Amino acid sequence: TKKMPTTDSVKTKENLDIKVKHEEDMDTAMETKMKVKVEEASENVPTNDSAKTEENVMVKREENIDTTIDNKEVEDGRNKSLNLSHLKVMIHNVNKYWNAAKVEKMLNSALCEHGKAEQLKIIKSKKPPTKTWIKVQLEKEEMVKPFIHFVNVDMNGGEHVDIEKVLKRNSGRRRNTKNQPLVACVANDGEKDENLKRDRGENGEENSNKRSKTTSHVFDKLTEDEIRDKMTPLWKMTYEEQLQHKWREMIKKSIHKITSEVNRIFKVREKEIRRNKNMKKLEKFEWLSSAKTKMPIRLEPILPSPYTTQYRNKVELTFGYAFEEKDDDPKRSVPTVGFTPQGWKGPVYKPHCCQNVPKVISLLSDVVNNFLKDSPIPPYNSFQHLGVWRTLTIRFSKRTEQIMLIVVHAPPASQAGSTDQNTSENQVSSNDYSSVWESEKKRLIDMLTSQEFILDDPSHKEEPWDPSSTSSDVVGKLPTKSSLISYPNYENSNGEGKSKVVKVTSIYFQEYAGLSNPTPSHPVQHSYGEQGIVENLGACKFKVSPGAFFQVNTPGAEVLYNVVVQKVREVVKDDEENKVLLLDVCCGTGTIGLTCVKENVSRHVLGVDISEPAIRDADKNAVLNGFANNSDASENGESTNNRVRFVASRAEAVLAKELNRCQGDPKEQIVAVVDPAREGLHSDVIKTLRVNESIQRLIYVSCNPTGSLVKDAGLLLQPPTKKYQGLPFKPTFAQPVDMFPMTDHCELVIVFDRMTHEECFGSDQITD
């Protein structure tokens, strides 16, 4: 038997191996050191052939340089042969949902139709997904220019297409889904901006490969028709065609979307029921599954605006620069106030060509432009955040003949958004206009207040549009007898055939140091005249402050509010006493609530809005219309009188308390009216409206029927859930009202009535 080695013996053996290896390494190091010394000594010994050796070294270096140059030329030739950018063509306006093979097939078929399939051969193509361009590679370089000519001219009916400005055409040509012709140009694969390359500078440091921020933009000057196309896209249509177009768009983008949203929610519930056998099946609502009509929500014929031109009572203009063509400088920039149809980076255009802008507002802009010509203070540059003059808001009441201006400006002592950390003293001093600010401000006020503006000539005044002149089924008829719609108040003549003269009655300045736009509650400085203006709407008068929301089309607002009044009046039967409590949610300045009280369709009005300045304006409007407060505002911010009360608070925090107060009277009818901003209702407000089942009717006035209304309606109409409890509503009436002629926008009044338990769940009693 062999004995196992002990631990001590193993360690001893390892130590011996390490010692032997160390001695061998020391011997090797000594030998290497001796060789190096011998070589250094041999190099130091002078020889007779040292000159020849040096000469041979120089010759060898020259040969290496020549070889390197030859290799570089060969490599450049190879790179040139590998760079195929000279064979590629980029084609724009391609359908983004097509792949490269489908586009190439379409191009080859077009080449065959014109007999050019052999002369112009496409080798391969490349198209990224969801992009509107494609790169095609041709067989030879001589084919590039003929192929570009073929796409731009031959495929477009022989008419050359401008690459930079593609115009829509209506003839049958090769197009994408947006009805735009294909446009071809030389591809620039191998050409890149030198500023974006990552290379090394003269000092050897590596430059950054980040994109440099572009500071200059080139814009083509728009014609008056092009400006109208941007600002009022439907101006070429007759008004009857505009109404028909808007009615069809309302069906497609609002009514059908609401129905699809509720159907989608039911499909989700059906999937949940299949997964959970304990859940009882929920049948579709009768209004949703009715086979009597293809459209569960019936859309009434659209109500027209009484006036189709110069109807806006509020216009927001922007300070900037406009192009003024002259011989010495064809694109000389001039300070101007107006619209920016090409975006906030583009030039400014005067508002005179827009038909929805009153003539008085265009004349006011001319006064401001004359002021800017001699003013040392420049307009605000939104891209560089330099300058002072920002925006000009003009509110004009043709009925009360009052004009209010709100001039928004950056701080005159420093640039907008500047701080002590990121602004140098030179930058601040170059943009410091505090020394001339007060004098220029006074000069602007004097120029505006010294001018008198003549209203439209009575001989050329516009008559109200007569809906009876159309035979279309989708255009509604305006009521002939209504205390809300008051056409005589909108005349221009004073009865003697002379034109009325109006002057600026109120001027405000608003300083804003932010980079975006100020909020409506941002403080303003009253500089001239009265505190706001007064506007007549139906039987009511409303005080309009600088930041208050008011409908921009006063005659159109009368048509809109008349619909709301009629739907509130339906709640009260003829043989019953009027005991309607109107909850005006998102009341703003109280226009809808006060109109309903003035028309005597509601006994009490409770207005709720989160904006305290808006509630203060609502209190003033209540006093102006004869609903004087019995006492001052209480400690919780409520203003009280016998019929009208406005509260500055969140709706969900107030409605429950107010509704509990009304439970004592069983005959009390509660109707809620909501008129939210374009963002729609907050989810908490929708929860509150659903859970308070004493609200039997909800009237939704939407300024965004194709957007936020679809979402809100889906939550109001869906079956009860843990998050959205309470019986749902059902749509019973939908009335579009045209408030903005010559534009795509339209208001929609939709009425939701509370469903009963049987309508929601059937005759069986279902418990959770």
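Everything below is about the structure printed above this text.
Residues numbered from 1 in each chain as written. Predicted model: local features only at pLDDT ≥ 70, side-chain atom pairs only at ≥ 80, totals over all residues. Heavy atoms only, no water.

## Focus: a positive patch on the surface
Okay, so step 1: Together, Lys 267, Lys 271, Arg 274, Arg 275, Lys 277 and Lys 284 make up a region of like positive charge exposed at the surface.
Okay, so step 2: Here Arg 274 shows up in helix α6 (residues 239-275). (Patch = residues over 30% accessible without salt bridge, like charges linked within 9 Å, V, L, I, M, F, W, Y side chains within 5 Å. Areas by Shrake-Rupley, 256 points an atom, 1.4 Å probe, with all protein chains shown as cover. Salt bridge = Lys/Arg side-chain N within 4 Å of Asp/Glu carboxyl O. Lys, Arg positive; Asp, Glu negative; His and termini not counted. Charge placed at Lys NZ, Arg CZ, Asp CG, Glu CD. Helix = DSSP H or I, 4+ residues; strand = E, 2+ residues; numbered from the N terminus.)

## Some details on the packing of aromatic side chains
Okay, so step 1: Throughout the structure, instances matching the rule amount to 7 aromatic pairs.
Okay, so step 2: Between Phe 371 and Trp 389, the ring centres sit 5.7 Å apart and the planes meet at 80°, which makes this aromatic pair edge-to-face. Taken as a pair, Phe 371 in helix α8 (residues 359-373) and Trp 389 in strand β7 (residues 389-397) lie far apart in primary sequence, 18 residues in all. A single burial state applies to Phe 371 and to Trp 389, both of which are buried.
Okay, so step 3: Put simply, the rings of Phe 319, Phe 371, Trp 389, Trp 437 and Phe 509 pair up and form one aromatic cluster.
Okay, so step 4: Taking the ring centre of Tyr 380 as reference, the NZ or CZ of Arg 390 above it sits at 4.2 Å.
Okay, so step 5: Sitting above the plane of the Phe 509 ring, Lys 441 keeps its charged end 4.8 Å from the centroid. (Phe/Tyr/Trp six-rings, centres within 6.5 Å; stacked < 30°, edge-to-face > 60°. Buried < 20%, exposed > 50% of the residue type's maximum accessible area, 1.4 Å probe, protein only. Lys NZ or Arg CZ within 6 Å of the ring centre and 35° of its normal.)

## Structural notes on the pattern of salt bridges
Okay, so step 1: Going through the model one piece at a time under the given rule, you end up with 19 salt bridges.
Okay, so step 2: Its salt-bridge partner being Glu 440, residue Arg 443 comes within 2.9 Å of it at the nearest N-O pair. On the criterion of helical spacing, the pair formed by Arg 443 and Glu 440 is a turn pair, its members being 3 residues apart in helix α10 (residues 434-449).
Okay, so step 3: What makes Arg 443 partly exposed here is its relative accessible area of 25%.

## Things to note about the sheet that holds strand β11 (residues 506-511)
Okay, so step 1: Strand order in this open sheet of 6 strands is β6-β5-β7-β8-β11-β12, and the pairing throughout is mixed. Among the strands making up the open sheet, the edge pair consists of β6 (332-338) and β12 (525-529). Direction aside, neighbouring strands of the sheet carry axes that sit 20° apart on average.
Okay, so step 2: Here strand β5 (residues 314-324) runs beside β7; their pairing, made up of 5 bridges, is antiparallel. Each bridged residue has a counterpart across the sheet, and for Val 315 the counterpart in β7 is Ile 394.
Okay, so step 3: Strands β5, β6, β7 and β8 (402-409) of the sheet are contacted by α8, whose axis makes an angle of about 140° with β6.
Okay, so step 4: On the sheet, α10 packs against β7, β8, β11 and β12 and is oriented at approximately 150° with respect to β11. (Pairing = 2+ DSSP bridges. Axes fitted to C-alpha atoms, helices over the stretch in contact; angles between N-to-C directions. Contact = heavy atoms within 4.5 Å.)

## A short note on the sheet that holds strand β4 (residues 183-186)
Within a sheet, each strand pairs with its neighbour through backbone hydrogen bonds, oriented either parallel or antiparallel.
Okay, so step 1: Across the sheet, 4 strands lie side by side as β2-β3-β1-β4; this open sheet has antiparallel pairing. Of all strands in the sheet, those bounded by a partner on one side alone are β2 (122-126) and β4. Sheet twist, expressed as the average angle between the axes of neighbouring strands with direction ignored, equals 30°.
Okay, so step 2: Here β2 runs beside strand β3 (residues 133-138); their pairing, made up of 4 bridges, is antiparallel. Looking at β3, one finds that Ser 125 is bridged to Val 136.
Okay, so step 3: Sheet strands touched by helix α3 (residues 100-113): β1 (88-92), β2 and β3. Its angle to β2, the strand with the most contacts, is close to 145°.

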